[in-house]
Every structure is written in structure tokens, then in C-alpha cells.
Amino acid sequence: MKAVVYRGPRQAAVENVPDPKIERPTDAIIKITSTNICGSDLHMYEGRTDFEQGRVFGHENLGVVMEVGPAVENLKPGDWVCIPFNVSCGHCKNCERGLTNYCLKSNQPGIAGGAFGFADMGPWQGGQAEFLRVPWADFMCLKLPPDAEQKQSDYVMCADIFPTGWHATELAGMKPGDAVVIYGAGPVGLMAAHSAMIKGACSVMVVDCHSDRLKLAESIGAIAIDYSKEDPVQRVMDLTHGRGADAGCECVGYQCHDHHHHRQERPNLTMNNLVNSVKFTGGIGVVGVFVPQDPGGPDDLAKEGKIALDWGMLWFRGQRVATGQCPVKAYNRQLRDLIHAGRAKPSFIVSHELKLDQAPDAYQHFDERDHGWTKVILHPGG
């Protein structure tokens, strides 16, 4: 089958790789019809992780069940499904508590949490390919309604970024009527804004420096703040009568940039902006990716996965910070139903729907943050 494979820093290639097979009785094979390029794929694409050469990318996957193992009871060939990016067994201590983001069986001993096509997240191949093997398929696969094929560009967002954006608002403790600030207007930040609007935020402020992304934020009723043109902390304080936002979301991660120098990374920039623009006793939810080591980082602290955090100010303000990957299964059913009912339409961020063969070019444009490349869906076999 054809698949998008990592070939070294800033090199993605479409190659022929072996078709996946049923390896355990609980497996299913999915024919992928939609698979997204994610911002977190770019950390790997840029060579800033230890993602192995030859591995298949892709953790935002949707498609049709082709084949099931003999122990699979709830799925049959022809079912349309969306697959969470988290690989989870369903019966370990963490999965039983709903913490499918920290499954104890999907990675090597001592590391909790697995994912498709992702550095340090277990051996699982990604879904930017014609087919995907899904382990623990009964537990993992989310069945989709009859409008799955027509609305797949919405439903595919339930694999990762829509739940992740929603999770950011949950980690931040957001309640109806809150003023919410979101740093980052990439796909996850825009999903956090969409989630906050659905959840009844009083105002949603989105901070970024890319005009195409900020326009999308405005299209759903958010207030766009361009940090290349004004101090975002000051603007948030002005918009909240000097109090600060009730809840803040970090949707950028360790490769955040100083606007003065497009390539100058400042890993602590968004965290410290949040500390200083979220109110006393406010909550901060961090879903942007941070890593334990970053050998390519801009300074000695960053290389060790550390940042210079405004800890004194955070403590003084009595803020809460919650972090980590999203347990997609905690949200994906509800978000699927919001899409089905027409209450949510996460596909508003999609700029390009392309064939699998066009992936290398798409990676390059998305990685360069080229204007208008806000979200790419690949359609294998399409």
C-alpha cells in the first residue's frame, strides 16, 4: 500500500509499504478515507524528535472497516469509524478510569500512553496510508452515523484536534460565561475557540500572528489579537477590565516563536504570557506539546526540556495549571453528536483536501506556515 513515510528532517515521502494484517484477534483493518496532517506531525517532520526514519506518519484517521479479527464483536466490514489518536487497551488501570491518554499497555513498560505514527508513543504505524491496523478495535473505534461519508471532513476532527481543543478548555476549568484567552490559532487553538463558544464562553480571545488563522478565529465570533502588532497581555487585560481572563489555553507548545524573529524560538513565551494574562485564581490548560528533551532547542534549558517559568507570579496569583495529552474517548462521542446535530462544524479550518501523493508538498507548505495553509486533509485512494 502507499503511505507517507519519514525520511529525515523536512523529508516526507510517499512509498510502498507492507499492507497491515490482523495480528491479534482483537484487531481491525481500516481502509482510510480521510487522514489529517497535524501540527504535532511537524515536530517530527522537522527532525525535532526521535521519530524513526521509515515510520508512517498519521494519527488523525477516519475510514471504513475492511476486516475484523475473530474476537471483534461490535464492528463489521462496511462500518464508518473515526479512530482516536490515543492507542488504548480499554482494560488497564488507567483506561478503566477513562485515562486512555495514559494507557499502560500501548507503550513500553514504564511509559504510559500510545499513539499512531508518533515519536516515543509505541510501535504503532500511522494512518497517512491506504490502510491502518487498529488494535483493541472494539474499544478504540468510534462508529459514525449515516452522514459519515458526506461529513467526514468534520468527523475526522474527532480523532484528535476537536477533542484536544475541548480538553484545553476543560483543563483550564472553563465555565459558561467565562472570558477565555487562547494562545495559538493553529488547528488546535481554533478548535479550543470553537469549543469555548459552544460551551457558552462570554468572550474568546485568540492570540497569534498569522492573519489567515486570526480571520478563521473571527469567523466563529472570537476576538483576534495579533501579537506582532500589539502586546497580547495588555490587550487581554484591557478587554477584561484589568482583571485578566478567567481561563487560558496553551495551544502552541515548545516551538513557540518570538514575532520579531520568525525562526527565533522562545519556549517559555506563551506560558509566561498566560500567567500574566489569566486572572488571580484562574486556570491554565496546556495542550501544546512540550518534550522532556529537545536537543535542537534554542538554549541550554530548552535542550533539557526545561523553561524559565514566571513561577513566583503564578503562585502569587493562585493559578491552577493542568497539562497533558487529551483522552480522546472522554469527548469523541459527544463531539460526534454535536457535529451530527449541526451544532459543531470543525471543518471550518480546512483549507486543503488533497490526494495522498500530494502529502510531501503539503507538509512543506504547512511547515512553512504558508499563507492559507491552515489544515490539510489527505484522502488516500480518493
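As shown above, the structure is provided for reference.
Residues numbered from 1 in each chain as written. Predicted model: local features only at pLDDT ≥ 70, side-chain atom pairs only at ≥ 80, totals over all residues. Heavy atoms only, no water.

This part is about helix H5 (residues 161-171). Most of H5 is tucked away: 10 of the 11 residues are buried. Buried residues of H5: Ile161, Phe162, Pro163, Thr164, Gly165, Trp166, His167, Ala168, Thr169 and Leu171, and no others. Where the residues of H5 are buried, they touch helix H6 (187-198), strand E13 (245-250), strand E14 (278-286), strand E15 (320-323) and helix H12 (332-340). Backbone geometry just after H5 places glycine 173 at a positive phi near 75 degrees. (Buried < 20%, exposed > 50% of the residue type's maximum accessible area, 1.4 Å probe, protein only. Helix = DSSP H or I, 4+ residues; strand = E, 2+ residues; numbered from the N terminus. Contact = heavy atoms within 4.5 Å.)

In this section: the nonpolar core. If you look at the biggest cluster of nonpolar residues, it comprises 77 residues, and the most contacted ones within it are Phe57, Phe162 and Ile182. In terms of residue count, H6 provides more of this core than any other element does, 7 residues in total. Residues in contact with phenylalanine 162, not counting those within four places in the same chain, are Met157, Met191, His194, Ser195, Ile198, Leu335, Ile339, Ala344 and Pro346. Counting 21 residues, the second-largest nonpolar core is a separate cluster that includes Ile83, Trp124, Leu132 and Val134. (Core = buried A, V, L, I, M, F, W, Y, C linked by side-chain atoms within 4.5 Å.)

An order of E12-E11-E10-E13-E14-E15 is seen for the 6 strands of this open sheet, with the pairing classed as parallel. If you trace the sheet from one side to the other, it starts and ends with strand E12 (223-226) and E15, each paired once. If you compare each strand with its neighbour and ignore which way they point, the axes differ by 20 degrees on average. In the sheet, E14 pairs with E15 via 4 bridges, with the strands oriented parallel. (Pairing = 2+ DSSP bridges. Axes fitted to C-alpha atoms, helices over the stretch in contact; angles between N-to-C directions.)

Attention now moves to the pattern of salt bridges. Inspection of every chain in the model, using the stated rule, returns 20 salt bridges. Note that lysine 199 and glutamate 170 form a salt bridge whose closest N and O atoms lie 2.8 Å from each other. Placement of lysine 199 in the loop between H6 and strand E11 (203-208) and of glutamate 170 in helix H5 is noted, with a sequence separation of 29 residues between them. Given the relative accessible area of 40%, glutamate 170 is considered partly exposed. We note a salt bridge from glutamate 304 to lysine 306, for which the minimum N-O separation is 3.3 Å. For glutamate 304, a relative accessible area of 48% corresponds to the partly exposed category. Its relative accessible area of 43% is what places lysine 306 among the partly exposed residues. Salt bridges sharing partners connect three or more residues here, namely Arg10, Glu46, Asp367 and Arg369. (Salt bridge = Lys/Arg side-chain N within 4 Å of Asp/Glu carboxyl O.)

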